[in-house]
Amino acid sequence: MIKLFKVKEKQRELAENANGKSPIKKQSAGELRLHKDISELNLHKTCTMAFPNGKDDLMNFEVTIRPDEGYYLGGTFVFSFQISSIYPHEAPKVKCKTKVYHPNIDLEGNVCLNILREDWKPVLNINTVIYGLFHLLMEPNHEDPLNQDAAAVLRDNPQLFESNVRRAMIGGYMGQTFFPRCI
């Protein structure tokens, strides 16, 4: 019985190809769930989403956040998302493409956000992750850092931290590290 279905499916694919249509690609469960998440997305007014590889590649996209308050006011921060085919059972892989002086984002762009690690659950969605990134830019957390130096400065001297953030965002060196302009 199974072989009959496979033969029938193959015949349908051949007929579609003969008609000039490209074969229909089956979507994984992760792609279906991601499509649902994107259709229900409720982005903050300072957030945008882009698909650099085109709309056919929903599993890789970028989110740009432009905070309208807080330490990172006026900056533009781009985050890349890679979604696995077993999403939502596996958290999205998120990297910050903008080099930023931040306690929860290291200089390689790795992001320390609990819902991307141990607190990820399949009931969470892309909207939740974007909100978490937005919140990280509004209220950096010195208690769970990836960038230990930035966390120590935020904890011990918030005014110096704010000055360092501004210096990094306008571009230039801070110590031995170069930060491209992101304002």
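The structure presented is a predicted model; accordingly, all values stated were derived computationally and were not measured.

Trainee: Could you clarify how one ought to interpret the pairing of strand E2 (residues 60–65) in this entry?
Mentor: A regular strand places its side chains on the two faces of the sheet in alternate fashion. Counting buried positions over the six residues of E2 gives five, a clear majority of the element. Sheet topology note: the strand E1 (residues 47–50)/E2 ladder contains four bridges and is antiparallel. Residue pairing for E2: Met49 is matched across the bridge by Val63. Bridge count for E2 against strand E3 (residues 77–82) is six bridges, and the pairing is antiparallel. Bridge pairing in E3 places Ile65 opposite Phe77.

Trainee: Would you mind going over the packing of helix H4 (residues 148–156) against helix H5 (residues 158–170) with me for this structure?
Mentor: For any two helices packed against each other, the geometry is given by the interaxial angle and the distance between the axes. Where H4 meets H5, the axes come as close as 5 Å, and the angle between the chain directions of the two elements is 135 degrees. Relative to H5, the element H4 is oriented oblique. The residues of H5 that touch H4, namely those facing Ala150, Val153, Leu154 and Asp156, are Pro158, Leu160, Phe161 and Asn164. Class assignment of the residues belonging to the contact of H4 with H5 gives a composition of six nonpolar, one polar and one charged.

Trainee: Just checking my understanding: could you explain the packing of aromatic side chains for this structure?
Mentor: The geometry of an aromatic ring pair is captured by two quantities: the separation of the ring centres and the angle between the planes. Applying the stated criterion across every chain yields a total of eight aromatic pairs. Here the aromatic rings of Tyr71 and Phe161 are separated by 4.9 Å at their centres, their planes lie at 85 degrees, and the arrangement is edge-to-face. With a gap of 90 residues between them, Tyr71 in the loop between E2 and E3 and Phe161 in helix H5 connect regions that are remote in the sequence. Residue Phe161 is classed as buried on the basis of its relative accessible area of 0%. For the ring pair Tyr101 and Phe179, a centre distance of 6.5 Å and an interplane angle of 80 degrees mean the geometry is edge-to-face.

Trainee: Explain unusual backbone geometry here, please?
Mentor: Most peptide bonds are trans, and most residues other than glycine sit at a negative phi. In the segment running from Tyr87 into Pro88, the intervening peptide bond is cis, with an omega of 10 degrees. Secondary-structure assignment places Pro88 in the loop between E3 and strand E4 (93–96).

Trainee: Sorry if this is basic, but what is going on with the pattern of salt bridges here?
Mentor: By the definition in use, this model includes eight salt bridges. Residues Lys36 and Glu40 are paired through a salt bridge, measuring 3.2 Å at the closest nitrogen-oxygen approach. When its relative accessible area of 42% is taken as the criterion, Lys36 is described as partly exposed.

Trainee: Is there a simple way to explain the UniProt feature "active site" (unreviewed entry) in the protein in this structure?
Mentor: Residues annotated by UniProt as "active site" (unreviewed entry) correspond here to Cys112. For Cys112, the position within the fold is in the loop between E4 and helix H3 (126–138). By relative accessible area, Cys112 is classed as buried at 6%. Those residues in contact with Cys112 that sit more than four places away from it in its chain are Asn104, Arg117, Leu136, Asp144 and Leu146.

Trainee: Please explain H5 as it appears in this structure.
Mentor: Working note: α-helix, 3.6 residues per turn, so residues spaced by three or four point in the same direction. With 13 residues, H5 extends 19 Å from end C-alpha to end C-alpha; this agrees with the ideal 18 Å at 1.5 Å per step. Among all positions in H5, only Phe161, Asn164, Val165, Ala168 and Met169 are buried. Along the axis of H5, the buried positions cluster into a sector of 130 degrees, meaning they face one direction only. Each element contacted by the buried residues of H5 is listed here: E3, H4, strand E5 (172–174) and strand E6 (177–179).

Scoring rules and cut-offs
- Residues numbered from 1 in each chain as written.
- Predicted model: local features only at pLDDT ≥ 70, side-chain atom pairs only at ≥ 80, totals over all residues.
- Heavy atoms only, no water.
- Buried < 20%, exposed > 50% of the residue type's maximum accessible area, 1.4 Å probe, protein only.
- Helix = DSSP H or I, 4+ residues; strand = E, 2+ residues; numbered from the N terminus.
- Pairing = 2+ DSSP bridges.
- Axes fitted to C-alpha atoms, helices over the stretch in contact; angles between N-to-C directions.
- Parallel < 35°, antiparallel > 145°, perpendicular 65-115°, else oblique.
- Contact = heavy atoms within 4.5 Å.
- Nonpolar A, V, L, I, M, F, W, Y, C, P; charged D, E, K, R; others polar.
- Phe/Tyr/Trp six-rings, centres within 6.5 Å; stacked < 30°, edge-to-face > 60°.
- Salt bridge = Lys/Arg side-chain N within 4 Å of Asp/Glu carboxyl O.
- UniProt positions renumbered as here; feature names shortened; annotations may be inferred.
- Expected span 1.5 Å × (residues − 1).
- Arc of directions from axis to C-beta.

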